[in-house]
Amino acid sequence: MRTQVGIVGAGPAGLMLSHLLHLRGIDSVVIDQRSRENIEETIKAGVLEQGTVDLMTETGVGDRLKREGFVHQGIELRFNSLGHRINLYDLTGGRAVTVYAQHEVLKDLIAKRLADGGRLVFGVSDVTVEHVTSSPKIRFTVGGTGQEIDCDFVGGCDGSQTYCRFLIPAGEIRTDYFRQYPFAWFGILAHAPPSSDELIYTHHERGFALVSTRSPDVQRLYFQCDPEENPDDWSDDRIWDELSTRVNGGGTEIKTGPIFQKSILQFRSFVCEPLQYGRLYLAGDAAHTVPPTGAKGLNLAVADVHVLARAIGSFYDSKATDQLEAYTATALRRVWRAQHFSWWMTSMLHRFSGANDFDLRRQVAELDTVTSSVAGSALLAENYVGLPLS
Ligand code: DHB
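Model, not experiment: these values are computed from the prediction.

Chemist: Whenever I open this one, the sheet that holds strand E10 (residues 137-142) confuses me. Can you help?
Modeler: Pairing between sheet strands relies on hydrogen bonds along the backbone, with the strands arranged either parallel or antiparallel. Judged by pairing direction, the sheet is antiparallel, and its three strands sit side by side in the order E9-E10-E11 without closing on themselves. Looking along the sheet, the strands with just one partner apiece sit at the ends: strand E9 (125-130) and strand E11 (145-150). Along the sheet, successive strands turn relative to each other by an average axial angle of 15°, direction set aside. Bridge count between E10 and E11: six bridges; the pairing is antiparallel. Bridged to Ile 138 within E11 is Ile 149.

Chemist: So what exactly am I meant to see when it comes to the nonpolar core here?
Modeler: Buried together is how nonpolar side chains tend to be arranged in soluble globular proteins. Core analysis: the largest hydrophobic core is formed by 70 residues, its most contacted members being Ile 31 and Ile 138. Top contributing element to this core by residue count: helix H8 (residues 297-318), with 11 residues. Apart from the residues lying within four places of it in its own chain, the contact partners of Ile 138 are Gly 6, Ile 7, Val 8, Ile 31, Val 127, Thr 128, Val 129, Gln 147, Glu 148, Ile 149, Cys 151 and Val 154. Membership of the second largest hydrophobic core comes to 30 residues, among which are Phe 79, Leu 88, Phe 183 and Ala 295.

Chemist: How do you make sense of the site of the ligand when you look at a structure like this?
Modeler: Neighbouring the ligand are 15 residues, the closest being Tyr 201, Ser 212, Arg 214, Tyr 222 and Pro 292. Side-chain polar atom of Tyr 201 to an oxygen atom of the ligand: 2.6 Å apart, as the coordinates give it. The fraction of the free accessible surface of the ligand (290 Å²) that becomes covered by protein chains is 99%. Contributions of two or more residues to the shell around the ligand are made by strand E15 (199-202), strand E16 (209-213) and strand E17 (218-225). Considering only residue class, the shell around the ligand consists of nine nonpolar, four polar and two charged. Both of domain 1 (5-71 + 98-177 + 269-346) and domain 2 (181-267 + 353-385) provide at least three residues apiece to the shell around the ligand.

Chemist: For this particular structure, what's the right way to read unusual backbone geometry?
Modeler: Excluding glycine, most residues fall at negative phi; most peptide bonds, likewise, are trans. In this structure, the amide linkage connecting Glu 273 to the following residue, Pro 274, adopts the cis form with an omega of -5°. Within the secondary structure, Pro 274 sits in the loop between strand E19 (268-273) and strand E20 (276-277). We note that Asn 80 has phi near 50°; this positive angle belongs to a residue other than glycine. Tracing the sequence through the fold places Asn 80 in the loop between strand E5 (74-79) and strand E6 (82-87). Looking at Asn 80, the relative accessible area reads 57%, which means it is exposed. Its identity as a non-glycine residue notwithstanding, Ala 295 has a phi of 55°, on the positive side. Position of Ala 295 relative to the elements: it lies in the loop between strand E22 (288-289) and H8.

Chemist: So what exactly am I meant to see when it comes to the packing of aromatic side chains here?
Modeler: Under the criterion given, the structure shown has 20 aromatic pairs. Relative to Phe 267, the ring of Phe 183 lies with its centre 5.2 Å away and its plane at 70°, an arrangement referred to as edge-to-face. Here Phe 267 lies in the loop between strand E18 (259-265) and E19 and Phe 183 lies in the loop between strand E13 (175-180) and strand E14 (184-191), a separation of 84 residues in the sequence. For the pair Phe 183 and Phe 267, a shared accessibility class is recorded, and that class is buried. Taken together, the aromatic side chains of Tyr 181, Phe 183, Trp 185, Tyr 201, Phe 208, Tyr 222, Phe 267, Phe 352 and Tyr 384 make up a single cluster linked through ring pairs. Sitting over the face of the ring of Tyr 384, Lys 296 holds its NZ or CZ atom 5.8 Å from the ring centroid.

Chemist: Sorry if this is basic, but what is going on with the UniProt feature "domain: FAD-binding" (unreviewed entry) in the protein here?
Modeler: Those residues carrying the UniProt feature "domain: FAD-binding" (unreviewed entry) are residues 2-341 in this numbering. Structurally, residues 2-341 comprises 31% helix and 31% strand, and the distance from its first C-alpha atom to its last is 41 Å.

Conventions and cut-offs
- The numbers attached to residues start from 1 for each chain and follow its sequence in the written order.
- A pLDDT threshold of at least 70 governs which residues receive local features in this predicted model, and a stricter bar of 80 or more applies before side-chain atom pairs are shown or counted, although totals over entire chains, interfaces and linings include all residues.
- Think of the side-chain values as coming from all heavy atoms in the structure, minus any hydrogens and water.
- When DSSP finds at least two bridges between two strands, those strands are taken to pair.
- We count a stretch as a helix when DSSP gives it H or I for four or more residues in a row; a strand needs E for two or more, and each element gets its number in order from the N terminus.
- Axis lines are fitted to C-alpha atoms, over the contacting stretch for helices. Their N-to-C directions set the angle, which ranges from 0 to 180 degrees.
- The definition of a nonpolar core used throughout is a set of buried Ala, Val, Leu, Ile, Met, Phe, Trp, Tyr and Cys residues joined through side-chain atoms within 4.5 Å.
- Accessibility here uses a 1.4 Å probe with only protein chains present; expressed as a share of the type maximum, an area under 20% marks a residue as buried, one over 50% as exposed, and anything in between as partly exposed.
- Residue contacts follow a heavy-atom distance rule, with two residues in contact if any of their heavy atoms lie within 4.5 Å.
- Note on definitions. A residue lies near a molecule or strand when any single heavy atom of the residue is within 4 Å of it.
- Under this definition, polar contacts are N or O atom pairs within 3.5 Å; protein pairs additionally need one hydrogen-donor-capable and one acceptor-capable atom, and for neighbouring residues in sequence, both atoms have to be side-chain atoms.
- The protein chains shown are the only cover counted for residues, whose accessible areas, like all others here, come from Shrake-Rupley with a 1.4 Å probe.
- Classes in brief: Ala, Val, Leu, Ile, Met, Phe, Trp, Tyr, Cys and Pro nonpolar; Asp, Glu, Lys and Arg charged; the others, Gly included, polar.
- Domain extents, as shown, originate in an automatic or database domain assignment.
- Pairing of aromatic side chains requires ring centres within 6.5 Å, counting the rings of Phe and Tyr and the six-membered ring of Trp. Pairs whose planes differ by under 30 degrees are stacked, by over 60 edge-to-face, and all others tilted.
- Counted as over-ring charges are cases with an Arg CZ or a Lys NZ within 6 Å of the ring centre that also lie within 35 degrees of the ring normal.
- UniProt positions are given in the numbering used here, feature names are shortened, and annotations may be inferred rather than shown by experiment.

In structure tokens form, the structure reads like this:
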């Protein structure tokens, strides 16, 4: 088959790219190794920046988000067992975040692409991409039959397990920037009432904890743990004890309930440069990964494809290539700023191995500086709600 843009990966980057291209009258085909059910059910983060919400709303995929998402105008930073509210709304001139799970965003994008006649092929295998510097061809197998897509451009949106990134020759062209952290997050979903109206990011001598939510009866909580931790070693009681020890105090108390999902999230910072090689353009986790503190992953994917769809649109409108040539620089500026923000939140709130009492007191002083200064709080708030889409 033939299309203008062949997109590898039906995650936030691939589906949003296909959707934005369609609105510009540009045809695409999206392929993914996973089944539609798997994509629609895999639990990921759940915080949407203001720019992501606005883009979804303006492009016709924001109805359910508006109905079912929870707008949060503030977050709490908690240290020394006391909460300190960051008023996101006031500090950013009326911006906020919306708690709405990533797999719900994907369900909405898939439904919209299909309603608009989009071509999405799930459950493919044996994906290869050839001739990215001349006339790209994507080959894959689906239902036992080999298929080919001839296209003008390839969107490499295949997530952190990417195949597409490795089409950019390492060394003289591609450089990978990488940082591993010596800890992970233990994440749970529980049937319980909310412990708080807003998200709580906690610094504690036993390590970080985060109180988030999904709905009035389902809560999402995380606590810092060893990357080798086995979720099966943790009973519900042990998990609630650990979370309560880290979070409770000053009138806040974790509300408990049956836990129905436990998982370990690894922590990495990664960026590859450049994002483009020939007619291949990387977007989202295929090109960069942030640690989860601050929930920037999906939002960065959306910001990437916002820039990319406009650049591809400008090419088809007028044969202009300047925006395509600027894609790496434009997208990476935001990516590196988000890397910095995620690293900053991580380093301020987590307990590092080998940290002594000096290190813990220095972290508390930094949190005190940020929360007691309007300038400090505004810096955090601006980055948390998200920089404007460029
Ligand atoms: C969630 C995840 C995050 O990484 C974060 O910073 C806030 C909330 C979540 O899954 O709800």
